[in-house]
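# Geometric and topological summary
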Amino acid sequence: MAGHARVAAILGPTNTGKTHYAIERMLGYRTGMIGLPLRLLAREVYDKIVDVRGPSVVALVTGEERIVPPRAQYWVCTVEAMPEGMGCDFVGIDEIQLCADPERGHVFTDRLLRMRGLHETLFMGSDTMRGPISELVEGVKFVRRERMSQLSYTGSKKISRLQPRTAIVGFSVENVYAIAELLRRQKGGAAVVMGALSPRTRNAQVDLYQNGEVDYLVATDAIGMGLNLDINHVAFSSLTKFDGRRMRPLMPNELAQIAGRAGRGMANGTFGVTGEAGPISDEVAEAITNHRFTPLRKLNWRNPELRFGSIDALIASLEASPNDELLIKAREADDLQALKALSAVAEVQARATDPKSVQLLWDVCRIPDFRGISHAEHAGLLEVIYGHLNQRGAIPDDFLGRQVNRIDRTDGDIDTLSKRLAYIRTWTYVAQRNAWVHDESHWRGLTRAVEDRLSDALHERLTQRFVDRRTSVLLRRLKQKEALLAEVNDKGEVTVEGEFVGRLEGFRFRQDKDATGQEAKTLKTASLQALAPHFHLRADRFYNAPDTEMDYTEQGGLMWGEQAVGKLAAGDDPLKPRIVAFVDEEAGPDVAQKVQRRLQHFIDRKIAALFEPLVNLQKDDTLNGLARGFAFRMVESMGILPRAEVADDVKALDQDARGMLRKHGIRFGQFTVFMPLLLKPAPTRLRLVLWSLAKNLDVFPEAPPPGLVTVPNTPGTPAEHHTVSGYRAAGDRAIRIDMLERLADLLRAQDSRGGFEANPDMLSITGLTLEQFADLMGGLGYKAEKSEREKVRAVDAVVPEADMATATEQDAATDGAVPVEDTPVMDAGQEGAPGADAAPADAPDAADVSDVAAAMPEGTVAPVADAPTDAPAETPVPANSETEIDPGAAPDAALAGPETEVFYTFTWRGNRPDRQPRRDGGKGRRDGGKPQGDRPRGKGKPKGKGQPRDGGAKSFQARPPKKEKQIDPDNPFAAALMGLRNKD
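Every chain's residues receive numbers from 1 upward, in the order its sequence appears when written. pLDDT decides what is reported in this predicted model: residues at 70 or higher carry local features, side-chain atom pairs at 80 or more are listed and counted, and totals for whole chains, interfaces and linings draw on all residues regardless. Only heavy atoms go into the side-chain values, all of them from the structure, while hydrogens and water stay out.

### Regarding the confidence of the model for the protein
Counting all residues, the mean pLDDT for the protein is 81, and 78% of those residues have values of 70 or more. Every residue gets a pLDDT, meaning the predictor's confidence in that residue, from 0 to 100. Helix numbers and strand numbers start at the N terminus; a helix is a DSSP run of H or I with at least 4 residues, a strand a run of E with at least 2. Across the protein, the secondary-structure element scoring lowest on mean pLDDT is helix α30 (residues 851-855), at 37, and the one scoring highest is strand β6 (residues 90-93), at 97. Confidence drops under a pLDDT of 50 for residues 802-885, and excluding neighbours within four residues, the segment shows 161 contacts in the predicted structure. In this analysis, two residues are considered to be in contact whenever any of their non-hydrogen atoms come within 4.5 Å of each other. Note on residues 911-959: pLDDT under 50 across the span, and 90 contacts to partners over four residues away in sequence or across chains.

Structure (structure tokens):
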């Protein structure tokens, strides 16, 4: 070494530009080498020098990475990987105060004592090294550099109140992850930097922070070793750390090394504590801010002069003690522990018998335990590697290939990827050693590629877990007071600045459910600010949309396509409901008013179209007197009135009034007064909604499925629900009221006293089985008696010709009678149509049918005159007496006996079990019937229409004879009725 070589120690606190000064000095020479404490920092310095001088003259040498161009002039290395004997003009060692580190201190001490440049040597570090350096290094010159900015202590703050551009320091992986997760929820995320990360992952995470995508950095104490970041505040989440053997408090100089990362260049910085960390004492805080610390007294040392004669000689040389008072023997490092473990293996002892094999064993033992597993497991891996190197001279390709392929997977979570990265770093280190593999360039490139893939995957997982990009983006835009760009796609998904934030349902913003706490508030603020113009555009489009795009639900909701935009509310008039629009308050009153007006127009037009007959009835000024009052009740009940409720009003209407009401489509049925046009599915659906609103129901009854004549009568369903739906409950089922009137027309022609059976027309109208029809008739006031009889096949019955002629004459004689109503339901409601209110139920002297009909309780069908009891019954012609077996039938089929069938005989009960209570208190009348004084008295079943009682008993009346009603000339049966009256 030249005698005039300069040796200097550049000492001072952090942020003094020591490392930058050393780089400039090195680039002033033709060759140079700088040793750095971390491979992360080495990569950062390498990139800076490459930007200045180009990659062809800069080498990077770390334990896991080796980039050495042929014309390398400047070497950037970790301190452990610095090659010796290079003869460089300049040598620099950064963070020289690490000579006192229990784990790595002996390496830095060795470089302090033995590594020199031909022209200049620089040691950069803390002022605490001034004493040892002056004692151990001859002719050293000291250069004091002052901090370029001020550092102050701010005390304790909650994590949620930490200022942006803050680094939070933890001392365990679990602590770092927990803090990063909390920052993601409250601040939009954080970058994570740890010494165990690969340079590629670390750089990607630092870029998140440096580029402003996140405002917070969570790191271990690795950031204290020269990483230059734009940090304004450093917060300690703990003041203790595990040093590999025990938990111990951090020394003031260690706290200062980390806190000094705050404030770069001329910008001042602050530090403090957060989380569960206790406050820093005033004395320690003052020492940190004034950069005054206890000088180092001892440096760790390990004998660099090793003897490789045998394993025992090597161990003895490594455990030698120093001769200088300033030096202390370093504690047993991982490599020495591995050497002692392998020395106990018989196979290793047999192989390491000469200096070359012993030195190879020592080189293998120096492979770092990147995996951080037990010493025994790490020693086992080293034994395998040493066996291959000693026996074959290199690690077999197939063995190394299997190890690498097993690791080359990018699936899994953060912990899984971190473990794989640690594993691949072992093989990356092995591939970097000269002559340990056959094709060094191949394996170095392969292991580096695997490490890069794992690093990228780990960065992606870290970002997914600890960075909420949308919140961080929105926070940054809001902080910068920039206009936010929002987009809404055809599915209603809202993105702000390209980040999904929620959905726009109609005119209400539904925030993403994953957002909670402060994140949710930020999202809502930013989203509504960006959505303001979209609300107005959507309101204009909605106002001009056709009615076909809108609909109402059976629970009163108002829909625009598939989006809820409002609901119906009860108004002063059942046919004029109010509108409640679903519009966010942030959308503004103009949008809300526009949406409400459009919905009001829609529902008004819908009511006018579906309830047109009812609206016309309401507006008819020609109605007066009783007819106008009845029309009011009809409108109030929305087109359906049980006749029992208005029996007196119906009887009070004269034929002129009824005619005027019929012109509006009102049908006066035996059970119900209704408007057939309002029984269609669409009006029924709307009627249920409007009626439920008027009744202030919480749950609206649903409309029956369209086209069903009967529906199940669910227990507990109020009778009025069936009525509003257009049905009447009878037994286990409810029958549609228009079809019930058609059934009543058929039942009038039957002998209800002597009994009758259901004919196909009755079953066809109801669409029920015979058993279901029997239950229905029971609900209508009839008694059903079940019986069995021998089934008579149609081909077996023989009808005499005389009977056929008689039947034909009888059919001809009944041509003028009331026909059975077989027309469609809605045709039955038209004036003059069969089965309409012009049927005998509404004709003069027949609409209120007879005295016998009046005596029947509400809900029963009026019987007609009984057929003669002495009429001969049809006797079927007996089948051939000879026993014959039909072709294809089993020989013993005839022995099975005659086939039977079930039939029901229906008779009028006269007293329904579910009869309604008498509304007049029992004073002479029942619901829906005539006063009792107008009804025949006595026992026995009522006979047909106009028939006297059994025994010819007289009937007495307490009032004058009823005044004959005028025959309605519009009634299609008027001529027939007039003829009958004249005949009488």
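### As for the packing of aromatic side chains
Pairing of aromatic side chains here covers Phe, Tyr and the six-membered ring of Trp, requires ring centres within 6.5 Å, and sorts the geometry by plane angle: under 30 degrees stacked, over 60 edge-to-face, intermediate tilted. Taken as a whole and judged by the stated rule, the model has 13 aromatic pairs. Ring geometry for F507 against W560: centres 6.1 Å apart, planes inclined by 10°, an arrangement best described as stacked. You can see F507 sitting in the loop between β21 (499-505) and β22 (508-511) and its partner W560 sitting in strand β24 (residues 557-560), a full 53 residues away along the chain. Note on accessibility: F507 and W560 belong to one class, buried. Considering the side-chain rings of F756 and F906, the 5.9 Å spacing of their centres and the 40° angle between planes classify their relative orientation as tilted. Burial classes follow relative accessibility: with a 1.4 Å probe on protein chains only, a residue under 20% of its type's maximum area counts as buried, one over 50% as exposed, and anything between as partly exposed.

### Examining the environment of K791
On the secondary structure map, K791 appears in the loop between β33 (782-790) and α29 (801-813). A residue is classified by how much of its surface remains accessible, and K791, at 40% relative accessible area, is partly exposed. Linking K791 and E901, residues 110 residues apart in sequence, is a C-alpha distance of 5.4 Å. If we skip the residues at most four places from it in the chain, K791 touches E899, T900 and E901.

### Section: the sheet that holds strand β3 (residues 58-61)
If you trace the eight strands from one edge of the open sheet to the other, you get β4-β3-β5-β2-β6-β7-β1-β8, paired in mixed fashion. Each end of this open sheet is capped by a strand with a single partner; those strands are β4 (66-67) and β8 (141-144). Helix α2 (residues 39-53) contacts β2 (32-36), β3, β4 and β5 (74-78) of the sheet and is inclined by roughly 165° relative to β5. Only strands joined by at least two bridges in the DSSP assignment are considered to pair. In this analysis an axis means a line fitted to C-alpha atoms, helices contributing only their contacting stretch, and an angle means the value between N-to-C directions, from 0 to 180 degrees.

### Side note on the sheet that holds strand β12 (residues 216-219)
The sheet built from six strands is open, its strands ordered β9-β16-β13-β10-β12-β11 with parallel pairing. Of all the strands in the sheet, the pair left with one neighbour each is β9 (151-156) and β11 (191-193). The sheet shows a mean angle of 25° between the axes of neighbouring strands, direction not considered. With three bridges connecting them, β11 and β12 associate as parallel partners. For V193, the partnering residue across the bridge sits in β12 and is A219. Each of β9, β10 (166-169), β13 (233-236) and β16 (269-273) touches helix α7 (residues 252-259); the most contacted strand, β13, lies at about 140° to it.

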